[in-house]
There are 2 protein chains.
Amino acid sequence: MRIGELAKATGTKAETIRYYEREGILPTADRTDSNYRDYSDNHLAALTFVRRARQLGFSMAQVRELLALSNHEDNPCQDIDRLVQLQLTEVERKIADLMALRDELGQMLRSCQADKIGECQIIGSLGRQSVM
Amino acid sequence: MRIGELAKATGTKAETIRYYEREGILPTADRTDSNYRDYSDNHLAALTFVRRARQLGFSMAQVRELLALSNHEDNPCQDIDRLVQLQLTEVERKIADLMALRDELGQMLRSCQADKIGECQIIGSLGRQSVM
DNA sequence: ATGCACCTTGTAGCAACTACAAGGTCAAGC
DNA sequence: GCTTGACCTTGTAGTTGCTACAAGGTGCAT
């Protein structure tokens with residue numbers, strides 16, 4: 001299959017696929033006589049894996065690790081588990097941060113009853129170290 | 001005060017402060033005879049405002065808007081409220097996304113009882129469109 | 001044969017910093 | 001008076017993960 005088809009099948013832009021190849025995240029594709037990239041089902045599987053991992057918030061470096069680990073079938077699963085656990089912890093930290101942020105923003109909105117900016121609680125609170 | 005002192009006072013790197021000045025986010029500083037930047041309390045307040053807004057997840061463009069609005073004391077508060085509301089909605093969306101992500105990662109960890117990568121559910125699930 | 005969608009490479013741009021490099025300034029200590 | 005070291009200056013390039021061109025080649029239908 002050509003790059004456009006693979007792009008459509010995985011919801012990835014062709015430019016992104018070429019970028020992954022350049023970065024060594026995807027194996028190089030075969031070429032047709034006219035120098036078009038020619039992909040197999042293995043490439044489809046690989047790209048699906050990469051996109052899914054990226055959607056789950058893994059960095060490119062982590063995706064590389066996941067790929068390297070997944071290529072050694074006899075390795076213990078622990079290393080993979082560790083990466084997933086790390087990512088889970090990171091995601092939980094981000095959720096906590098954002099929830100604190102949400103509370104602050106909500107507090108700002110509720111506190112502002114003024115109708116002129118000169119009296120605006122929001123503007124005032126931005127100038128202080130913390131609102132809460 | 002010099003840039004290092006302002007940096008320490010606001011928890012901002014000196015390079016970032018210069019960057020803000022270049023970008024027009026902060027007013028230009030006075031200069032000493034030896035061409036060092038010389039900051040006043042007004043600069044301290046402005047930088048505190050900017051850093052606080054950035055911590056709350058506002059983009060540089062939004063910070064510019066907030067600054068512009070806060071400089072017109074007689075303007076109605078509504079425009080500020082709108083920006084804060086927008087940011088709140090965005091943060092809530094991110095929280096929802098991350099919570100879905102957290103659930104998927106948690107599910108992956110729980111499902112993996114194998115000890116070899118060849119049987120690893122996690123690796124398997126990454127190759128599919130969605131785990132859940 | 002002509003149009004149009006697709007492909008190629010290479011380069012530059014995005015956000016919001018961060019990290020140098022190469023050099024100037026200032027205060028303290030000997 | 002001179003050195004050391006911490007600070008400052010400008011300018012440029014790197015970071016992450018793409019995305020957007022530009023300029024040209026290919027494939028297929030009409």
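Bear in mind the structure is a predicted one, so any value in this text is a computation, not a measurement. Residue positions within a chain follow its written sequence, with the count starting from 1. Following the order in which they are written, the chains are lettered starting with A and the ligands numbered starting with 1. Owing to the predicted nature of the model, reporting of local features is limited to residues with pLDDT of at least 70; listing and counting of side-chain atom pairs is limited to 80 or more, with chain, interface and lining totals taken over all residues. Side-chain calculation: all heavy atoms of the structure are included, whereas hydrogens and water are not.

Some thoughts on the protein's contact with DNA strand C
- The nearness test applies per residue and asks whether one of its heavy atoms lies within 4 Å of the molecule or strand. In the neighbourhood of DNA strand C, 19 residues make up the surrounding shell, with G4 and R37 of chain A together with S34, Y36 and R54 of chain B lying closest.
- In protein, a polar contact means a hydrogen-donor-capable atom and an acceptor-capable atom, both N or O and within 3.5 Å, with residues adjacent in sequence counting only if both atoms are side-chain atoms; elsewhere, any N or O pair within 3.5 Å suffices. Measuring from a phosphate oxygen of DNA strand C, one finds a side-chain N or O atom of R31 of chain A at 3.0 Å.
- Here a strand is any run of E in DSSP of at least two residues, a helix any run of H or I of at least four, and the numbering for each starts at the N terminus. Within the residue set of the surface near DNA strand C, elements represented by two or more residues are α1 (3-10) of chain A together with α2 (14-22) and α3 (41-55) of chain B.

What to know about the protein's contact with DNA strand D
- Looking at DNA strand D, there are 19 residues lining it, with S34, Y36 and R54 of chain A together with G4 and R37 of chain B nearest.
- Atoms of DNA strand D within 4 Å of the protein belong to the sugar or the phosphate in 73% of instances, the rest to bases.
- In this structure, a phosphate oxygen belonging to DNA strand D sits 2.6 Å away from a side-chain N or O atom of R54 of chain A.
- Within the side chain of R18 of chain B, one N or O atom sits 3.0 Å away from a phosphate oxygen of DNA strand D.

A look at helix α3 (residues 41-55) of chain A
Residue and element names in this part refer to chain A.
- The terminal C-alpha atoms of α3 lie 21 Å apart, and with 15 residues this matches the ideal 21 Å at 1.5 Å per residue to within 8%.
- Burial classes: relative accessible area under 20% of the type maximum marks a residue as buried, over 50% as exposed, and values in between as partly exposed (1.4 Å probe, protein chains only). Considered for burial, the residues of α3 that qualify are H43, A46, L47, T48, F49, V50, R52 and A53.
- At the N-terminal boundary of α3, the capping side chain belongs to S40, with an oxygen 3.2 Å from the backbone nitrogen of N42.
- Where α3 terminates, the next one or two residues include G57, which has phi positive at roughly 95°. Working rule for helices: expected span equals 1.5 Å times residues minus one.

Quick notes on the confidence of the model for chain A
- pLDDT is a residue-level measure of predictor confidence that goes from 0 to 100. For chain A, per-residue confidence averages 86 on the pLDDT scale, and 85% of positions sit at 70 or higher.
- When mean pLDDT is taken per element in chain A, strand β2 (residues 37-38) of chain A scores highest with 97 and helix α6 (residues 121-126) of chain A scores lowest with 68.

Observations concerning unusual backbone geometry
- Phi at N35 of chain A takes a positive value of approximately 70°, unusual for a residue other than glycine.
- Among the structural elements, N35 of chain A can be located in the loop between β1 (30-31) and β2.

A short note on the side chain of T12 of chain A
Residues and elements named next belong to chain A.
- One can find T12 in the loop between α1 and α2 (14-22).
- Only 2.9 Å separates the side chain of T12 from the side chain of T10, close enough to count as a polar contact.
- A distance of 3.3 Å separates a polar atom in the side chain of T12 from a polar atom in the side chain of R51.
- In contact with T12, other than residues within four places in its own chain, are A7, I17, L47 and R51. The contact criterion used throughout is that any non-hydrogen atoms of two residues lie within 4.5 Å.

Let's talk about the environment of Q62 of chain A
All names here are of chain A.
- Tracing the sequence through the fold places Q62 in helix α4 (residues 60-70).
- Distance from Q62 to Q87, taken between C-alpha atoms, is 9.4 Å for residues 25 residues apart in sequence.
- Among residues more than four places away in sequence, those in contact with Q62 are G57, L83, L86 and Q87.

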